[in-house]
Amino acid sequence: MANVPVWLRTLATVVAWSVSALACAACTTSGETGGIWRGIAPIAGASNDLIYAEDGGSLAMEIVLGEYGPDLAGVIKFFRSDNYLRRRTAEPPDRACACALIHNGKVDAANGRAVFTLTSCLPGSSPKATVRSVVTLTLTATDLLVSLRVDDTHSALHNAVLDVQLQRQGGAGDISDPDLLCPAGSASGNPASGQ
């Protein structure tokens, strides 16, 4: 590389940046579902037998969604508090089951619904084992209604359902790289969280 003229290296860098910018522009998120959505209230541990904190405390849910035509991608996160301004801590479920990747997301704009699957752990009921869940999103005029149903026929949780109402906290253009991070929790990662 030392023998390559500076002008040629500069040109190669500019071309690489241009190609990257065009690729990113072609994949920008759009649509009504894309953005950052947070639960209106924390998921109460005492009254919920599907997703709860190990100590019975409250968990709050956040879904970060990117809508790319008919496809949906993103992460679902669980927090130890209903204070969404506080960053996540090392307390459970952050290490065991705080985040899961969204798979096979599809949007049906005609009826305002979207569906995706999670193949991950669930805080409280299945923190160390992977279960398959189907998540249905219904967009209303003001909120996003989420219905998570365990679809894993081999799990004791089969057909267990969690319904949560979320509000938009940011649009698709407000999503930043840190919003999409799904921390591994340890050096080997957490296979139960879909990583």
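Residues numbered from 1 in each chain as written. Predicted model: local features only at pLDDT ≥ 70, side-chain atom pairs only at ≥ 80, totals over all residues. Heavy atoms only, no water.

Attention shifts here to the overall build of the protein chain. Within the protein chain, the secondary structure is distributed over two helices and nine strands. Start at the N end of the protein chain and walk to the C end: the helices and strands fall as α-β-β-β-α-β-β-β-β-β-β. A total of 195 residues make up the protein chain; the buried ones form 39% of that total. Restricting to contacts in the protein chain with at least 6 residues of sequence separation, those with at least 24 account for 53%. Carbon and sulfur atoms make up 58% of the accessible area of the protein chain, which amounts to about 10300 Å² in all. (Helix = DSSP H or I, 4+ residues; strand = E, 2+ residues; numbered from the N terminus. Buried < 20%, exposed > 50% of the residue type's maximum accessible area, 1.4 Å probe, protein only. Contact = heavy atoms within 4.5 Å. Areas by Shrake-Rupley, 256 points an atom, 1.4 Å probe, with all protein chains shown as cover.)

Moving on, we come to the side chain of Asp143. By the secondary structure assignment, Asp143 is in strand E8 (residues 143-150). Salt bridges are absent for the buried Asp143, whose nearest opposite-charge side chain, Arg168, sits at 9.1 Å. Within the structure, the side chain of Asp143 is placed 3.2 Å from the side chain of Thr142, a separation counted as a polar contact. Side chain to side chain, Asp143 and Gln165 meet in a polar contact 2.5 Å long. What Asp143 contacts, discounting residues up to four positions off in sequence, is Trp37, Ile40, Thr138, Gln165, Leu166 and Gln167. (Lys, Arg positive; Asp, Glu negative; His and termini not counted. Salt bridge = Lys/Arg side-chain N within 4 Å of Asp/Glu carboxyl O. Polar contact = N/O pair within 3.5 Å; in protein donor to acceptor, adjacent residues only side chain to side chain.)

Grouped together as the largest cluster of nonpolar side chains are 30 residues, with contacts concentrated most on Ile51, Met61, Ile63 and Leu137. When contributions to this core are tallied by element, the ones reaching two or more residues are strand E2 (60-68), strand E3 (71-79), strand E6 (113-122), strand E7 (126-139), E8 and strand E9 (161-171). Residues Val64, Val75, Cys99 and Cys182 belong to the second largest nonpolar core, which totals five residues. (Core = buried A, V, L, I, M, F, W, Y, C linked by side-chain atoms within 4.5 Å.)

Of note in the backbone geometry, Asn104 takes a positive phi value of approximately 55° without being a glycine. Assignment of secondary structure puts Asn104 in strand E5 (residues 103-108).

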